[in-house]
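Single-letter residue listing:
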Amino acid sequence: MLTKSELSAGLQRYFGYQSFKLGQSDTLMALGEQHCAVAILPTGTGKSLCYQLYGLMTKQPVLVISPLISLMQDQVKELKYIGEHQAAALTSMLSKQEKRFVLRHLAEYHFIFISPEMALQPAMLRQLQRLKLGLLVIDEAHCISQWGPDFRPEYLQLGFLRQQLQQPLTLALTATATPRVKKDICNLLFTADEQATVIEQSVDRPNIYLAVEPAENIVKKNEKLIYLIQQLKTPGLVYFTSRKATEKFAQLISEVTDLNAAAYHAELTQQERFAVQQQFMLGNLDVVCATSAFGMGINQKNVRYVIHYHLPTDLESYLQEIGRAGRDGQQSIAILLYSPEDFGRQRQLSFSNLPQPNELKNYQTATKQQRQYLIQNETNYQLIDFYATRGWNVERQQQLFDQRRQQKRQQLNSLETYLKLTTCRRQFICHYFGEAGSSIQHDSKCCQLAEQPLDLDKLNLRRSNLKKSVKTNKMLSYQQLLKKMFLNFDSQR
């Protein structure tokens, strides 16, 4: 049992803060009373502090299920910074010797970070079952609903993992959750007779101006992106859905502006990704052109803008990604670029990793050797095999994938509605996330209404040193260079 006064004293002792941010105290009070909790707190409001402080004060082991290696590494580094050295991340980055050492001393660690895939491996699960856990944490818990069915299905087994660990006190953390996602988290993690405490704060980040910039075609869209990057205060993030686009635009920005840019995507080596992250954190990069692989665990407080060149998969992902701007509370901006052809491409991408009926049939009728070949070479067959080896028949799988398609259609429709809104975008987002009673009053620093020009001066987001912002490159203007670089490159791929 932890009291409010004890928690406040612990906050000052371990972190040096005088007061909690919204939602932190309620989350810790629920845990202190031994109630499982689902905490939905906006990006940048210190969700990780909740389990860190609980573990530090109770001196009990905390197991954190986390989706990305960079996120785990960041949390371990954060804990060591405040003097907690008994923290370890069990990841593929560890050498065999390092992993062996951590497993041999597992009971001595106060904080253990691990992915769901590794935690569910039988040998690892046996090791985790020997621990007397004080708290199980599911970080980025929205992944249960958004990733589980068709991207990383191990997320659907976290309820099973929790049962195998004797149903310890559990905290699920996320920055965004629609009513449906919230229901998915509770249903998948907790048994029918458990009642988790839900702590929820508004998804609204008032200091992030919401903008949507349409373009007639890809050429105009490319020009608009370069113009905005030249004008906006740095640092900034630009999100793409393809590796090629991140590399091309990072190169282009470095060629035609005085800004330092780098690409970040999942196909870089761990060392390359780490180097980009560190350069960005140290202020050596003005712009990172990234896929969605970049962001989780990157706690850079002064990001002034987030631009989406390609459409996000849904509004949930969009809110997660723009939440990386303005963590210092200062004025920032989120800009979503789109051209008419973007909608068709996003629909194709959204449904591409959902197995079709013919693929289910192929798997069912394939010989053992043929099946192994399919699994090794096609991600859709890997997904089918995941469910098949867990006893799901064709009909049950087909029902799941059909439901997922319907969900994705609804999410894409909501995204399209947001793009074409003629009314307040902030009010629409709050309503989408179940905040129907939101009392947001639209003003000049709220969002960009349809056909309204961006006024960066009014937002105080225009760079002050623009006179040097455009380089000449063999007498080519940036528009000419852009055309030259993209002549044989479909920037939408």
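Criteria and thresholds
- Residues numbered from 1 in each chain as written.
- Predicted model: local features only at pLDDT ≥ 70, side-chain atom pairs only at ≥ 80, totals over all residues.
- Heavy atoms only, no water.
- Buried < 20%, exposed > 50% of the residue type's maximum accessible area, 1.4 Å probe, protein only.
- Helix = DSSP H or I, 4+ residues; strand = E, 2+ residues; numbered from the N terminus.
- Pairing = 2+ DSSP bridges.
- pLDDT = per-residue confidence, 0-100.
- Contact = heavy atoms within 4.5 Å.
- Axes fitted to C-alpha atoms, helices over the stretch in contact; angles between N-to-C directions.
- Lys, Arg positive; Asp, Glu negative; His and termini not counted.
- Salt bridge = Lys/Arg side-chain N within 4 Å of Asp/Glu carboxyl O.
- Phe/Tyr/Trp six-rings, centres within 6.5 Å; stacked < 30°, edge-to-face > 60°.
- Lys NZ or Arg CZ within 6 Å of the ring centre and 35° of its normal.

Engineer: Quick rundown of the pairing of strand S9 (residues 236–239)? Include the residues and the values.
Structural biologist: Residues Gly 236 and Val 238 of S9 are buried on one face, and the alternating residues Leu 237 and Tyr 239, pointing to the opposite face, are buried as well. Note that S9 and strand S11 (residues 287–290) share four bridges and pair parallel. Directly across from Tyr 239, in S11, lies its bridge partner Ala 290. Bridge count for S9 against strand S12 (residues 305–308) is four bridges, and the pairing is parallel. The partner of Gly 236 across the bridge, within S12, is Tyr 305.

Engineer: How would you sum up the environment of Lys 361? Please name residues and give values.
Structural biologist: With respect to the helices, strands and loops of the structure, Lys 361 is situated in helix H16 (residues 357–365). Looking at Lys 361, the relative accessible area reads 59%, which means it is exposed. It is 8.0 Å that separates the C-alpha atoms of Lys 361 and Val 394, two residues lying 33 residues apart in sequence.

Engineer: With reference to specific residues and values, describe the confidence of the model for the protein.
Structural biologist: Averaged over all residues, the pLDDT of the protein equals 88, while 91% of them reach at least 70. Put simply, helix H21 (residues 478–485) is where the protein has its lowest mean pLDDT, 51, and strand S5 (residues 135–138) is where it has its highest, 98. Scored below 50 in pLDDT, residues 472–476 shows five contacts in the model against residues more than four places distant or in partner chains. Per-residue pLDDT stays below 50 along residues 487–493; that stretch engages in 20 contacts with residues further than four places along the chain or on separate chains.

Engineer: Lay out the sheet that holds strand S4 (residues 111–114) with the relevant residues and their values.
Structural biologist: Sheet strands associate in pairs through backbone hydrogen bonding, adopting either a parallel or an antiparallel arrangement. On the basis of which strands lie adjacent, the open sheet formed by seven strands has the order S3-S4-S2-S5-S6-S1-S7 and parallel pairing. Since the sheet does not close on itself, it has two edges, and those belong to strand S3 (87–90) and strand S7 (197–200), each with one partner. Each adjacent strand pair in this sheet contributes to an overall mean axis angle of 15°, direction not counted. Two strands pair when backbone bridges link them, and strand S1 (residues 37–40) and strand S6 (residues 170–174) are joined in this way by four bridges, in the parallel orientation. What sits directly across from Ala 37, in S6, is Leu 171.

Engineer: Got a sec to walk through the pairing of strand S2 (residues 62–65)? Specific residues and values, please.
Structural biologist: Here S2 shows no split at all, with Val 62 and Val 64 on one side and Leu 63 and Ile 65 on the other all buried. Pairing of S2 with S4, which is carried by four bridges, proceeds in the parallel orientation. Across the sheet, the residue bridging to Leu 63 is Ile 112, located in S4.

Engineer: Please give an account of the side chain of Asp 139 that cites residues and values.
Structural biologist: Turning to its location among the elements, Asp 139 is positioned in the loop between S5 and helix H8 (143–146). Summary of buried charges: Asp 139 has no salt-bridge partner, and the nearest side chain of opposite charge, Lys 47, is 6.4 Å away.

Engineer: So, unusual backbone geometry: which residues are in play, and what are the values?
Structural biologist: Here the amide bond leading from Thr 234 into Pro 235 is cis, since omega sits at 0°, within 30 degrees of zero. Its location among the elements puts Pro 235 in the loop between helix H11 (218–231) and S9. Even without being a glycine, Gln 167 presents a positive backbone phi close to 50°. Along the polypeptide, Gln 167 turns up in the loop between helix H9 (158–164) and S6. With a phi angle near 65°, Glu 451 is a residue other than glycine that sits in the positive phi range.

Engineer: A description of the packing of aromatic side chains should follow, citing residues and the corresponding values.
Structural biologist: Summed over the entire model, instances satisfying the criterion amount to 12 aromatic pairs. The interplanar angle of 40° and the centroid separation of 6.3 Å between the aromatic rings of Tyr 418 and Phe 428 together place this pair among those described as tilted. Placement of Tyr 418 in helix H19 (residues 394–419) and of Phe 428 in helix H20 (residues 425–432) is noted, with a sequence separation of 10 residues between them. Taking relative accessible area as the criterion, Tyr 418 reaches 0% and is therefore assigned buried. An aromatic cluster is defined as three or more aromatic residues linked by ring pairs; in this entry it consists of Phe 386, Tyr 387, Trp 392 and Phe 401. Between the NZ or CZ atom of Arg 371 and the centre of the ring of Tyr 363, over which it lies, the distance is 4.1 Å. One Lys or Arg, Arg 409, reaches over the ring of Phe 351 and ends 5.5 Å from the middle of that ring.

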